[in-house]
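Tertiary structure, described
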Amino acid sequence: MRLFPRVIAPLIATGALSLSLPAWAQDTTVSSNPAAAEMAGQMGKNTITVGLGAAYLPDYEGSNDYSLSPAPAALAYIDGHTITLIGNRLSVDLIGDKNNREWDFQAGPIGVVNLDRTAPSRIDDARVRALGKIGAAVELGGYVGIGKVGVVTSPYDRLSVSVSYRHDVTGVHDSGIWQPSVNYFTPLSTKAAVGLFATAEHAGRGYARRYFSIDPNQSVASGLPVYNARSGWKDWSVGGLATYSITGNLLKGWKLVGGLTYGRMVNDFADSPIVSQAGSRSQWLSALGVAYTF
């Protein structure tokens, strides 16, 4: 749960909103398909999805060592509002879109528990372990966004853009993080849907100092050179998500969910010895799990 929520949560939230649209219309007409007719009757109704999977991701932000991590998720669509819990990230869309099938205006709070390097024993690289433990940071903030339905492949796909800001309230890094995102999601039939996304993060000076700088004492302990990271754009990521219903349809029953993401560290964050010597600028993430919608 170190990087998984940050890079894929916006796409999953966009997908949840898209699944409230008439995906069955791309596949066939309601009158000629009983499954489509059942799905049509579920459109606009409240749904709750819970899921559990495994993510294969870097040991820490910037690492070149990978390990498996649990990837729990829950998503609720209630009266046009979406509540999304992905790993250690929670967001709520306070602007209901139930009566608007073309435009989706989004705004609400976001909370993230940053667990990066909170458990050094789980980090393979001895040099990074020697830098010491970092406490869990609670980052609170909000986001705004807008989505348009029917833009590329059909009248039922969705393209959305959003920007979020969150700030550490625990004093661990005591700085802010900006994150713009672009998401695209389209249903392929009553049972399948795919999505793409791109996102980036701009981190403040406190974040750069806490996670990517190395002071003289840490340098002696780890063997890595002293380094002073500055604020700026930290990384960018692109990825995709696919889901397939194995019982029922996209709005009901069991489904498989999988995703793959590539990220790239940039600027002072990429030049930090924690990344450039002990890790890698390239960051991969993959996830696979099951979910149930009722």
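Residues numbered from 1 in each chain as written. Predicted model: local features only at pLDDT ≥ 70, side-chain atom pairs only at ≥ 80, totals over all residues. Heavy atoms only, no water.

1. Details of the environment of Val290
With respect to the element layout, Val290 can be found in strand β12 (residues 282-293). Judged by relative accessible area, which is 36%, Val290 ranks as partly exposed. In this structure the C-alpha to C-alpha distance between Val290 and Val257, which are 33 residues apart in sequence, comes to 5.9 Å. Val290 has contacts with Val50, Gly51, Leu52, Trp254, Lys255 and Leu256, leaving out every residue within four places of it along the chain. (Helix = DSSP H or I, 4+ residues; strand = E, 2+ residues; numbered from the N terminus. Buried < 20%, exposed > 50% of the residue type's maximum accessible area, 1.4 Å probe, protein only. Contact = heavy atoms within 4.5 Å.)

2. Quick look at the packing of aromatic side chains
Applying the stated rule across the entire model yields nine aromatic pairs. Summarising the aromatic geometry, the rings of Tyr207 and Tyr211 are spaced 4.6 Å apart at their centres and angled 40 degrees between planes, so their arrangement reads as tilted. In this pair, Tyr207 and Tyr211 both sit in helix α5 (residues 205-212), four residues apart, roughly one turn of the helix. As far as the burial class goes, Tyr207 and Tyr211 line up, both buried. Taken together, a centroid distance of 5.1 Å and an interplanar angle of 90 degrees make the contact between Phe212 and Phe269 edge-to-face. (Phe/Tyr/Trp six-rings, centres within 6.5 Å; stacked < 30°, edge-to-face > 60°.)

3. Some words on the confidence of the model for the protein chain
Put simply, the protein chain has an average pLDDT of 86, and 83% of its residues get 70 or more. Every residue in residues 17-41 is under pLDDT 50, and counting partners more than four places away or in other chains gives 57 contacts. (pLDDT = per-residue confidence, 0-100.)

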